[in-house]
Amino acid sequence: MEKDLGLEKLLVLFLVVISIRYSEQLQSSQVKSLLRIRRLLNYPTALNSWNNDTDFCKIEPTSIVTVVCYEESITQLHIIGIKGASPLPRNFSVASFFTSLVNLPSLKVLRLVSLGLWGRLPGKLSRLSALEILDLSSNYFHSGIPKTISSLTDLQTLLLDGNRLTGRIPDGLGSLSVLAVLSLKNNSLDGPLPDTLRDMKNLRILSLSRNNFSGDVPDLSSLGNLQVLELEDNSFGPRFPQVGSKIESIGLRNNKFAASIPEKVQSYYQLEHFDISSNRFVGPFPPSLLSLPSITYLDVAGNKLTGMLFEDNPCNAALDFVNLSANLLTGTLPSCLLSSSRNRIVHFSNNCLATGDRTQHPFSFCRNEALAVGVLPHHQRQKPASKVVLALIICGSIIGGVILVCLTILIVKSFLAKKAAQKTQSRFISEDASSSYTSKLYTDARYITQAMKLGALSLPSYRTFSLEELEVATNNFDTATFMGEMSNGQMYRGEMRDGSNVTIRCLKMKRSTTTQNFMHHIELISKLRYCHLVSALGHCFECYLDDSSVSRIFLVFEYVPNGTLRSWISDRHGRRKLTWTQRIAAATGVAKGLQFLHNGIVPGIFSNNLKITDIMLDQNLVAKISSYNLPILSENVGKEYCHTFPAGYKEREKYEEKLDVYDFGVILLEIITGRQINTRNDILVLHNKLQVSIMGNEASRRNVVDPTVRSSCSDESLKTMIEICCRCFYEDPVGRPSMEDVLWNLQFAAQVQDERRDDSSSSNASPISPLQPSGQLVIQ
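Reading guide: rules and limits
- Numbering of residues starts from 1 in every chain and runs along the sequence as written.
- This being a predicted model, a pLDDT of at least 70 is required before a residue's local features are given, and a value of 80 or more before pairs of side-chain atoms are given or counted; all residues contribute to the totals for chains, interfaces and linings.
- Hydrogens and waters are ignored; side-chain quantities use all the structure's heavy atoms.
- UniProt positions are given in the numbering used here, feature names are shortened, and annotations may be inferred rather than shown by experiment.
- Two strands pair if DSSP finds at least two bridges between them.
- Only DSSP runs of H or I covering at least 4 residues are called helices, and only runs of E covering at least 2 are called strands; the numbering of each starts at the N terminus.
- Only buried Ala, Val, Leu, Ile, Met, Phe, Trp, Tyr and Cys residues count toward a nonpolar core, and they belong to the same one when joined by side-chain atoms within 4.5 Å.
- Only protein chains enter the area calculation, which uses a 1.4 Å probe; residues under 20% of their type maximum are buried, those over 50% are exposed, and those in between are partly exposed.
- Should any heavy atoms of two residues lie within 4.5 Å, those residues are counted as being in contact.

Per an unreviewed UniProt entry, the chain carries the name Probable inactive leucine-rich repeat receptor-like protein kinase At3g03770 and comes from Nicotiana sylvestris. Per UniProt, the comment on the chain under Subcellular location (unreviewed entry) is "Membrane".

Moving on, we come to the sheet that holds strand β14 (residues 235-236). The strand order across the open sheet built from six strands is β4-β6-β8-β10-β12-β14, with neighbouring strands paired in parallel fashion. Of all strands in the sheet, those with a lone pairing partner are β4 (118-120) and β14, marking the two edges. As judged from the two bridges shared by strand β10 (residues 188-191) and strand β12 (residues 212-215), these two strands associate in the parallel manner. Across the sheet, glycine 191 pairs through a bridge with phenylalanine 213, a residue of β12.

Grouped together as the largest cluster of nonpolar side chains are 97 residues, with contacts concentrated most on Trp50 and Leu77. Examining the composition of this core, we find that five residues originate from one element, helix α1 (residues 2-40), more than from any other. Ignoring anything within four residues of it in the chain, the contact list for tryptophan 50 reads Leu34, Leu35, Arg38, Phe56, Ile59, Val65, Val67, Leu77 and Ile79. By size, the runner-up hydrophobic cluster in this structure holds 73 residues, among which are Ile525, Leu533, Ala586 and Cys726.

One open sheet accounts for three strands, arranged β20-β22-β24; its pairing is parallel. The two strands at the open ends of the sheet, each matched to only one other strand, are β20 (308-309) and β24 (352-353). Where β20 lies against strand β22 (residues 330-331), two bridges are found, and the strand directions are parallel. By the bridge assignment, methionine 308 is partnered in β22 with threonine 330.

Here's what the structure looks like:
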């Protein structure tokens, strides 16, 4: 009996040893697969620490590399490269790469982003049967999506954005019943969408923007969980997509939709973002869209929508952006859109609204266009010569004639008033910048439609100042109020009668210059109001008494009390220095200001020759750009360092944005290093130091950063700032990042700085929820 017990114990011990050896062998197999992946990726710097002795289950997770284990098996693998990375070498084998991945059969989360991977997506991808999240964005995969991907029945998130995929979406994709996120943006996929998409009952996000899809969108109203539908920049249409009532974002911009807006849209009470611009929508515009309880962004521009708006139409208080431009709307612009209670952007040009400016067509234009696109009832379209239509035409002609007569009278009165003004020897000229210059501005089709509706930003309305007011505010331009010299004038600080402080720029003009030369410039300045721009409050013309030509222009701007950004960064006599978090916030403010100058105006204001001394900080240390490229402000002339362009560069204007990106890089360079930059040689020296630090370790990066913030910045945040800064200096402007890319990186740097904490415990935990992978998954 005792011998039998002894044999039983030996047998148990033998089985335990075999189990341990088997576990070691399994772990060794996974290690070999990871090291093979490192080799196939051409030994990226982020994987330099990987070797045979690495305990991958205990690697500290970062935003670049994360390995998560559970019960001695790798369940998550995240490797994130640099956005826009070049394709891997010619000898890269996508088949070998995925063969190595298949040797990690327990993978639930696989993210391989911006690694330069290329080739066909192999069918063997389906052998990773445990996958719940698959993200292969921003690579160079081509050809079609493999049909075998439909066998990944546990897949909840599929991201293939930014590749070169072609062909159609496989029908079998609809069998992925638990899929919640499907994003295929920025590819070359085509054809109609498969009807099987309606079977994906758990789908929350469907993002197919910037492809070549066509045809009607399948009926998605049965997808009760769908929240985001992004179909921009395709050829979908003509019918409006059918979706469920829980939808929060609909993006249909730049397609071929030609139907009317369904009445059901007015019941989408969770709808926040609605963009149907640049299509062919017809029929009435529902004013109730303005007051949907959750709406914040509404863009219906560039369609053929009709209907009448009224002054008392309500708006949602949270509505931040409205674009009604280029439709056939009549009536009066709702007063709620003109409210200055929030920073709301409103565009409404090229309609037939009664706004009193020349951005609108006459009523007859919209009526005739509405007839042309057939928005009247069917029986009326078949009888265009009916009495009703004839009566409308006659009424329209009469109204048009009355309007023409009124305009003629106004023009004659304006001409006579101008003649009378020239005979009067007044020292200053009062102009209403919000009305008198409108015709010239919009005749030129330059700048913006209604940027003045950005909101008051807690500032008074733009107005004309008298010279006496400015003399009182500056004590007759006393030297004590002098702030600095510009290329063609001076800058003064003034205190108005109400106690508010202002900055006054005095610009000297050539004698032959009249007020007409400056009308559209003044109009533009009056509408450039944004939280990251030093906004204008008004102007004043001083004229010669003999011929009424302009001698000086006074531009009155808001006063920004905390001086220039340089005084808080690199000035030796500065009061105190900005923290690292405040520096990121200041850089982000500058980037947002530039983005507004580029995209908030049509056409954008580029080549702004921005310097760090042009950035002011307000009482809350918010960065504001004080100088931008306007002809009337010729102070941005003569830089001590220049931009470089490739040989034979002919279309420089196409890359004007990249000139500002270069200048932003110079500002960012000073923010990071804390050293003043005044010459091109300063840029070269510091830029080289940053480039060297990127390839080094954390200590080398901290050596280049300003000592006052060296100990407070996280390495990940610092590295992100350095990398985006270096990219701003690419010799070829095409290679420089866009302002959108710059902003994304700055926001990421701020986020990782805010989240600076010890999260190493996550590597030992059980697999995290596949829909919330510890902040690693970002849907863009």
